[in-house]
Amino acid sequence: MSVVKKMMIALVGGLVVGIGFLFLREQLVASGQEGSWELINKLLFQDITVPAGVGAIGIFYIVGQIFMRGLQLAIVPLVLVSLSLAMCSISNSTKLGRIAGRSLAGFLAFYVFGAFFGCAIAYMVKSMGFFNVTLPSEAVMDAQTIEAFNPLAVIVNAVPSNITSAFSTNNSILAVVVVAIVIGLCLNQLGNKAEPLKQVLESANEVIQMYLTFLINKVGPVAIFCLISRTFAIYGVEYLAPAAAYVISAMVTLFALTIVLYPAGIYLSTGLNPWKFLKKIAKVGVFGFSTNSSAACLPLNTRTCIDELGCSEEITSFVLPTGMTINMNGTTVMHMFAVTFIATSAGIEVTPANLVVMAFLSICAAAGTPAIPIAGTTMIFTVLSGMGWTTEACLIGYALVVAINRPVEMALLPLNVIGDAATNVIVNAKEKEIKKAVYNQ
């Protein structure tokens with residue numbers, strides 16, 4: 001059985017089992033049998049790293065966390081090695097500049113269109129009164145203690161003052177990209193003098209690819225089943241009801257954009273059959289939905305682009321790692337809905353002019369968002385701060401979004417990773433390096 005079929009089975013199975021446990025939990029709590037659910041939760045789902053997890057086993061939690069940490073372990077070396085080799089392999093500086101320019105133009109175009117449709121639909125839903133929500137009276141969550149942050153600081157933080165600090169955390173991937181580009185350009189200019197270092201990087205790349213292939217093929221399906229099951233089993237339905245309009249409208253918009261925006265972009269810019277692209281890249285979207293991490297999708301996305309879409313390995317090794325870092329247009333679409341929902345629920349009138357400013361702030365913030373789970377939700381507060389919407393009511397609204405945002409975070413990942421692949425196909429087509437026979441198979 002192929003790994004794609006295994007992932008699909010794991011995804012569907014996880015949804016069924018997770019929703020089944022959700023209903024079981026509600027039934028047990030309603031009948032006064034909280035102790036039975038507590039036992040099930042400690043055995044399967046409990047986070048064992050928190051004080052409440054002392055004495056728990058948390059089988060599903062352990063399996064999911066080992067897989068996600070294993071993927072995150074490879075993020076920094078993967079970006080560093082793949083981008084350095086990509087810059088080094090493109091010996092023609094004119095071609096390199098052209099590829100970089102086309103990649104950035106593609107990412108920006110998808111950002112703008114995604115933000116436009118996100119703004120339009122969020123404003124329409126708000127105007128219909130669906131975001132008029134009575135906020136829960138609970139205290140503001142700890143997540144609101146994030147300090148105010150100017151999204152433009154991403155530009156400064158992209159250049160690290162200390163190379164080891166940039167490599168020590170997955171939250172500084174943009175800095176790693178800059179270092180990788182510098183190394184690659186220097187290797188490119190030095191030529192044969194830098195051959196020993198290039199060979200080391202190539203060997204490291206082989207090791208990383210072998211490791212990720214094993215992790216995704218052998219551990220991935222089981223981990224996806226555990227992650228999806230746990231997400232829905234412990235989900236707070238008490239929060240879902242009052243904010244269903246936000247969750248449903250955001251998820252529907254994200255899925256609709258995934259199957260419309262990128263095929264349309266490919267067809268209009270290259271003339272290639274968009275449905276062949278969508279059919280082949282679907283498994284990458286499924287994997288992104290399951291893992292909730294752009295970085296985790298990079299190996300599968302790379303293989304799909306080269307082996308099934310006929311893209312050049314040289315261009316792919318530049319476009320996809322760059323896109324994984326800065327192309328977070330799904331996050332921007334989510335921000336449009338989340339900030340509009342929060343402001344409206346807090347009694348603030350959101351105007352079309354506000355939405356334009358929100359879109360600009362969100363694009364700046366999203367470009368510096370780490371390619372790890374839940375990062376996009378954290379950056380909602382950055383946009384709120386940029387708009388000056390930090391009243392207590394806004395913070396309570398943000399607390400509500402943090403509590404319910406997991407399904408929306410999962411839905412935005414396909415938009416991010418498929419956007420990287422779509423840009424890669426467009427750049428390859430413009431450079432006339434796409435193998436159309438492979439693409440059209």
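Residues numbered from 1 in each chain as written. Predicted model: local features only at pLDDT ≥ 70, side-chain atom pairs only at ≥ 80, totals over all residues. Heavy atoms only, no water.

### So, the overall build of the chain
Here is the rule we go by: A run of H or I in DSSP counts as a helix once it spans at least four residues, and a run of E counts as a strand once it spans at least two, with each numbered from the N terminus. When a residue's accessible area, from a 1.4 Å probe over protein chains only, is under 20% of the maximum for its type it is buried; when over 50% it is exposed; and in between it is partly exposed. In this description, contact between two residues means that some pair of their heavy atoms is separated by no more than 4.5 Å. Computed with a 1.4 Å probe, the accessible areas rest on the Shrake-Rupley method; for each residue, only the protein chains presented here act as cover.
Scanning the chain from terminus to terminus reveals 21 helices and zero strands. Put simply, the chain has 441 residues, and 54% of those count as buried. Considering only intrachain contacts with a sequence separation of at least 6, the fraction spanning at least 24 residues in the chain is 81%. Entry remark: accessible area of the chain is about 18700 Å², with carbon and sulfur atoms responsible for 67%.

### A closer look at the packing of aromatic side chains
The geometry of an aromatic ring pair comes down to the distance between the two centres and the angle between the two planes. Operational definition: In this analysis, rings of Phe, Tyr and Trp, with Trp reduced to its six-membered ring, are considered paired at centre separations within 6.5 Å, and the interplanar angle assigns stacked below 30 degrees, edge-to-face beyond 60, and tilted for intermediate values.
Inspection of every chain in the model, using the stated rule, returns nine aromatic pairs. Ring plane angle 80 degrees and centroid distance 5.1 Å describe the contact between Phe-21 and Phe-45, whose orientation is recorded as edge-to-face. With Phe-21 in helix α1 (residues 3–30) and Phe-45 in the loop between α2 (34–44) and α3 (59–73), this residue pair connects regions lying 24 residues apart in the sequence. The residues Phe-21 and Phe-45 share a single accessibility class, namely buried. Ring plane angle 20 degrees and centroid distance 5.4 Å describe the contact between Tyr-246 and Phe-341, whose orientation is recorded as stacked. In this pair, Tyr-246 is assigned in helix α11 (residues 244–270) and Phe-341 in helix α15 (residues 329–345), connecting sequence segments 95 residues apart.

### What about the side chain of Lys-126?
What counts is decided by this rule: Pairs of N or O atoms are called polar contacts if they sit within 3.5 Å, as long as, within protein, a hydrogen donor faces a hydrogen acceptor (for residues adjacent in sequence, only side-chain-to-side-chain pairs).
Topologically, Lys-126 is positioned in helix α5 (residues 93–127). The exposure class assigned to Lys-126 is buried, which follows from its relative accessible area of 10%. Within the structure, the side chain of Lys-126 is placed 3.0 Å from the side chain of Glu-349, a separation counted as a polar contact. Once you skip the residues sitting within four places of it in the chain, Lys-126 turns out to touch Phe-131, Thr-340, Thr-344, Glu-349 and Val-350.

### Quick notes on the pattern of salt bridges
Opposite charge on two side chains permits them to pair, given that their charged atoms come into close proximity. Using the following cut-off: Whenever a carboxyl oxygen of Asp or Glu lies within 4 Å of a side-chain nitrogen of Lys or Arg, that contact is scored as a salt bridge.
Counted by the stated rule, this structure contains five salt bridges. In this structure, Arg-25 engages Glu-26 in a salt bridge whose closest nitrogen and oxygen atoms are separated by 3.0 Å. One salt bridge in this structure joins Glu-431 and Arg-98, with 2.8 Å as the shortest N-O distance. With Glu-431 in the loop between α20 (406–430) and α21 (436–439) and Arg-98 in helix α5, this residue pair connects regions lying 333 residues apart in the sequence. When salt bridges with common partners are traced through the structure, they connect Arg-98, Arg-102 and Glu-431 into a single cluster.

### Points about the layout of surface pockets
We count it as follows: Think of a 1 Å grid over just the protein atoms. A cavity is a set of points where a 1.4 Å probe fits yet cannot get out, a pocket is an open set with protein on both sides within 12 Å along at least five of seven lines, and lining residues have an atom within 4 Å of a point. Grid points are joined across faces, edges and corners, and a volume is the space filled by probe spheres set on the points. The residue classification treats Ala, Val, Leu, Ile, Met, Phe, Trp, Tyr, Cys and Pro as nonpolar and Asp, Glu, Lys and Arg as charged. All others, Gly included, are polar.
In this model, the second largest pocket occupies a volume close to 560 Å³. Together, 21 residues line the second largest pocket, and Asn-205, Gln-209, Thr-302, Ile-306 and Glu-313 are the ones closest to its centre. Across the lining of the second largest pocket, the residue classes tally to seven nonpolar, eight polar and six charged.

### Remarks on the nonpolar core
Quick reminder of the rule: As used in this record, nonpolar core signifies buried Ala, Val, Leu, Ile, Met, Phe, Trp, Tyr and Cys residues forming a set joined through side-chain atoms within 4.5 Å.
By size, the foremost hydrophobic cluster in this structure holds 114 residues, and its most contacted members are Tyr-246, Phe-277, Phe-287, Met-358, Ile-380, Trp-389 and Val-425. Among the elements that make up this core, the one with the highest residue count is α20 (13 residues). Contact partners of Trp-389, with chain neighbours within four places excluded, come to Val-339, Ala-343, Ile-348, Val-350, Asn-354, Met-358, Leu-384 and Cys-394.

### Thoughts on the confidence of the model for the chain
Filter applied, for reference: Per-residue confidence from the predictor is given as pLDDT, running between 0 and 100.
Here the chain shows a mean pLDDT of 80. Residues at 70 or above account for 87%. Of the regions scoring below 50 in pLDDT, residues 137–147 engages in 17 contacts with residues more than four places distant in sequence or in other chains.

### Describing the packing of helix α12 (residues 274–291) against helix α13 (residues 294–307)
Worth spelling out the cut-off: The convention used is that axes are lines fitted to C-alpha atoms, helices contributing only their stretch in contact, and that angles between N-to-C directions extend from 0 to 180 degrees. When describing relative orientation, an angle under 35 degrees is termed roughly parallel and one over 145 degrees roughly antiparallel, while 65 to 115 degrees is termed roughly perpendicular and anything else oblique.
At a minimum axis distance of 10 Å, the contact between α12 and α13 shows a crossing angle of 175 degrees. Considering their axes alone, α12 and α13 lie roughly antiparallel with respect to each other. Two secondary-structure elements touch here, α12 through Lys-280, Ile-281, Lys-283, Val-284, Phe-287, Gly-288 and Thr-291 and α13 through Ala-296, Cys-297, Leu-300, Asn-301 and Thr-304. Here the contact of α12 with α13 is composed, by residue class, of six nonpolar, four polar and two charged.

### A closer look at a nonpolar patch on the surface
We apply this condition: Patch construction takes residues with relative accessible area above 30% that form no salt bridge. Like charges are linked within 9 Å, and nonpolar side chains (Val, Leu, Ile, Met, Phe, Trp, Tyr) are linked within 5 Å.
On the surface, Leu-43, Ile-57 and Ile-59 cluster together into a nonpolar patch covering about 250 Å² of accessible area. Inspection of the secondary structure puts Ile-57 in the loop between α2 and α3. On the basis of relative accessible area, Ile-57 is assigned to the partly exposed category, the value being 46%.

### Re α13
Applied cut-off: In a helix, the anticipated span is given by 1.5 Å times the number of residues less one. Note on bend: at a given residue it equals the angle between the axes fitted to the 7 residues ending there and to the 7 starting there.
For α13, spanning 14 residues, the distance from its first C-alpha to its last is 20 Å, which sits close to the expected 20 Å at 1.5 Å a residue. Approximately 35 degrees is the largest bend angle found in α13, and it occurs at Leu-300. For α13, a buried count of ten out of 14 residues is recorded, marking the element as mostly surrounded by other parts of the structure. Among the residues of α13, Ser-294, Ala-295, Ala-296, Cys-297, Leu-298, Pro-299, Leu-300, Asn-301, Thr-304 and Cys-305 are the ones counted as buried.

### Topic: the environment of Leu-400
Among the secondary structure elements, Leu-400 is positioned in helix α19 (residues 392–404). Classification of Leu-400 as buried rests on a relative accessible area of 2%. In the structure, Leu-400 is positioned 58 residues away from Ile-342 in sequence and 8.7 Å away in space, judged by C-alpha atoms.

### Section: unusual backbone geometry
Of note, the phi angle at Lys-432 is positive, near 60 degrees, even though the residue is not glycine. Here Lys-432 lies in the loop between α20 and α21.

### Digging into the packing of α3 against helix α9 (residues 195–233)
Inclusion rule: In this scheme the crossing of two helices becomes right-handed for a clockwise turn of the near helix relative to the far one and left-handed for an anticlockwise turn of less than a right angle.
In the contact formed by α3 and α9, the axes pass within 8 Å of each other and the chain directions differ by 140 degrees. With respect to α9, the element α3 is oriented oblique. Every pair of crossing elements has a handedness; the one defined by α3 and α9 is left-handed. The residue inventory of the contact of α3 with α9, partitioned by class, reads 17 nonpolar, four polar and one charged.

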